[in-house]
Amino acid sequence: MTSQPRRRRLEVEDIGDVTVVNFTDRKILDEQNIQLIGEQLFSLVDEAGRKKVLLNFGNVEYLSSAALGKLITLNKKLQAAGGRLILCNIDPQIYEVFEITKLNKLFNIHKEEQAALQAF
Amino acid sequence: MMPTAIPSAKEARTEAGQDSPAHVLIPSDAGEARRVQEEIEQALKASAYSEPDIFGIKLALEEAMVNAIKHGNQLDRSKNVRIAYQVRADVFEITIADEGSGFDPEDVPDPTAPENLERCCGRGLMLMRHYMCEVSYNRRGNTVRMLKKRKKSCGDDKVTR
């Protein structure tokens with residue numbers, strides 16, 4: 001296994017009281033990457049105490065079921081902390097993955113970032 | 001006349017993918033799996049498979065590889081994953097075998113049931129079944145065979161087990 005540097009997988013920006021997260025990876029597939037992405041996402045809630053998190057999937061072309069698992073855990077963590085998770089800007093092919101798995105019913109999903117920001 | 005070049009091992013293997021199945025044996029290693037997945041993607045592109053077809057095959061392949069390496073072989077590098085695939089003009093077919101004890105696909109809970117929606121497992125298999133026309137396991141449950149017909153919906157041919 002090629003060991004990859006522990007680089008940042010997320011670009012995090014605060015817009016008002018919302019933490020907007022963009023993914024640096026176009027493909028969220030590798031177990032290692034997914035593990036790192038999960039850790040970095042969870043630390044936003046567990047360590048930084050963020051309550052409103054918006055995930056922007058604009059860069060993402062591929063997403064596996066292991067990545068969906070991390071999103072579910074993040075959603076649970078935010079709910080437990082009295083916060084909220086919203087997803088936006090999901091490519092139609094990837095949105096289909098959410099539809100197939102019916103996770104489009106679990107997550108709050110908006111097309112555009114602007115509309116998503118206003119939904120908090 | 002050009003002299004006939006002796007193909008490298010990789011070329012010989014790629015060539016085998018056109019007419020008869022290509023066989024690849026890899027250790028339980030994500031990097032090795034990635035390399036095979038990229039090779040298959042190149043073969044699909046070379047055969048001019050459509051972008052949505054390639055998207056679906058890649059996703060199903062990713063899930064099946066993770067299942068074989070992580071769940072089947074338990075990330076044990078001494079255990080191998082045996083892959084046979086064929087990219088034909090009308091159909092893509094792949095068999096992935098691990099050295100694990102296997103599982104019963106019937107035992108995997110429906111991940112879309114409301115009570116399971118937040119559980120971690122079962123989605124990989126579900127995505128494989130959605131994107132491929134056929135997904136079947138051997139009796140032991142350590143070998144999956146997947147088939148995708150090109151550029152048309154699987155329709156009534158769809159076999160999910």
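Structure: see above.
Residues numbered from 1 in each chain as written. Chains lettered and ligands numbered in written order. Predicted model: local features only at pLDDT ≥ 70, side-chain atom pairs only at ≥ 80, totals over all residues. Heavy atoms only, no water.

Enquirer: Can you help me understand the sheet that holds strand E2 (residues 80-87) of chain B in this one?
Expert: Adjacent strands of a sheet form backbone hydrogen bonds with each other and so pair up, either parallel or antiparallel. Residue and element names in this part refer to chain B. Taken together, 5 strands build an open sheet; the order of strands is E1-E2-E3-E5-E4 and the sheet is antiparallel. A strand with exactly one partner marks an edge of an open sheet, and here the two such strands are strand E1 (22-27) and strand E4 (134-137). This sheet shows a mean twist of 15° between the axes of neighbouring strands, independent of strand direction. In the sheet, E1 pairs with E2 via 6 bridges, with the strands oriented antiparallel. From the neighbouring strand, His23 faces E2, where its bridge partner is Ala84. Across the sheet, helix H4 (residues 123-131) lies against E4 and strand E5 (143-149), angled at about 135° from E4, the strand it touches most. (Pairing = 2+ DSSP bridges. Helix = DSSP H or I, 4+ residues; strand = E, 2+ residues; numbered from the N terminus. Axes fitted to C-alpha atoms, helices over the stretch in contact; angles between N-to-C directions. Contact = heavy atoms within 4.5 Å.)

Enquirer: Teacher, can you tell me more about the packing of helix H3 (residues 92-100) of chain A against helix H3 (residues 51-72) of chain B here?
Expert: Working note: a packed helix pair is described by the angle between its axes plus the distance between those axes. Remark: H3(A) packs on H3(B), axes separated minimally by 11 Å, with the N-to-C direction vectors making an angle of 45°. The angle between H3(A) and H3(B) falls in the class oblique. Seen from above, H3(A) lies across H3(B) with right-handed handedness. For the pair H3(A) and H3(B), the contacting residues are A:Gln93, A:Ile94 and A:Val97 in the first and B:Glu51, B:Pro52, B:Phe55 and B:Leu59 in the second. (Parallel < 35°, antiparallel > 145°, perpendicular 65-115°, else oblique. Left-handed = near helix turned anticlockwise from the far one by under 90°.)

Enquirer: Would you explain the interface of chain A and chain B in this entry?
Expert: It is common to give the size of an interface as the accessible area lost on bringing the parts into contact. Across the contact, 22 residues belong to chain A and 23 residues belong to chain B. For the pairing of chain A and chain B, the buried interface totals around 2200 Å² over both sides, and the portion due to carbon and sulfur atoms is 58%. At the boundary of chain A and chain B, one finds 2 salt bridges. Two residues, A:Asp30 and B:Arg34, come together in a salt bridge whose shortest N-O distance is 3.3 Å. Counting across the interface, chain A meets chain B through 6 residue pairs in polar contact (both at pLDDT 80 or more). Elements with a contribution of two residues or more to the side of chain A that touches chain B: strand E5 (62-63), helix H2 (65-80), H3 and helix H4 (103-106) of chain A. Of all the elements, H3(A) adds the most residues to the side of chain A that touches chain B, at 5 residues. Of the residues in the side of chain A that touches chain B, the class split is 11 nonpolar, 4 polar and 7 charged. (Buried area = accessible area lost by both parts, 1.4 Å probe. Salt bridge = Lys/Arg side-chain N within 4 Å of Asp/Glu carboxyl O. Polar contact = N/O pair within 3.5 Å; in protein donor to acceptor, adjacent residues only side chain to side chain. Nonpolar A, V, L, I, M, F, W, Y, C, P; charged D, E, K, R; others polar.)

Enquirer: Whenever I open this one, the pattern of salt bridges confuses me. Can you help?
Expert: Two side chains bearing opposite charge may form a pair once their charged atoms approach each other closely. Scanning the model with the defined rule gives 14 salt bridges over all chains in all. In this structure, A:Lys52 engages A:Asp17 in a salt bridge whose closest nitrogen and oxygen atoms are separated by 2.8 Å. With a gap of 35 residues between them, A:Lys52 in strand E4 (residues 52-56) and A:Asp17 in the loop between strand E1 (10-15) and strand E2 (18-23) connect regions that are remote in the sequence. Taking the relative accessible area as the measure of exposure, A:Lys52 reaches 27% and is therefore partly exposed. With a shortest N-O distance of 3.3 Å, B:Arg145 and B:Glu134 are connected by a salt bridge. One end of the pair, B:Arg145, is in strand E5; the other, B:Glu134, is in strand E4, and 11 residues separate them in sequence. The network of salt bridges with common partners includes A:Asp30, B:Arg34 and B:Glu62. (Buried < 20%, exposed > 50% of the residue type's maximum accessible area, 1.4 Å probe, protein only.)

Enquirer: Help me out: how do you make sense of the nonpolar core in this one?
Expert: Within soluble globular proteins, side chains that are nonpolar tend to cluster in buried spots. Judged by nonpolar contacts, the single largest core of 37 residues is most densely connected at A:Leu41, A:Leu55, A:Phe57, A:Leu63 and A:Phe98. Ranked by size, the runner-up nonpolar core spans 31 residues in total, among them B:Ala33, B:Ile40, B:Ala60 and B:Val81. (Core = buried A, V, L, I, M, F, W, Y, C linked by side-chain atoms within 4.5 Å.)

Enquirer: How do you make sense of the sheet that holds E2(A) when you look at a structure like this?
Expert: Residue and element names in this part refer to chain A. Read from one edge of the open sheet, 5 strands run E1-E2-E4-E6-E7, paired in mixed fashion. Because the sheet does not close on itself, it has two edges, and the strands there are E1 and strand E7 (108-110). Along the sheet, successive strands turn relative to each other by an average axial angle of 25°, direction set aside.

Enquirer: Is there a simple way to think about unusual backbone geometry in this case?
Expert: Leaving glycine aside, a negative phi is the common case for residues, and trans is the common case for peptide bonds. Residue and element names in this part refer to chain A. Not every positive phi belongs to a glycine, and Lys102 is a case in point at roughly 60°. Looking at where Lys102 falls in the secondary structure, it is placed in the loop between H3 and H4. Given a relative accessible area of 33%, Lys102 falls into the partly exposed group.

Read these as geometric descriptors, not functional statements.
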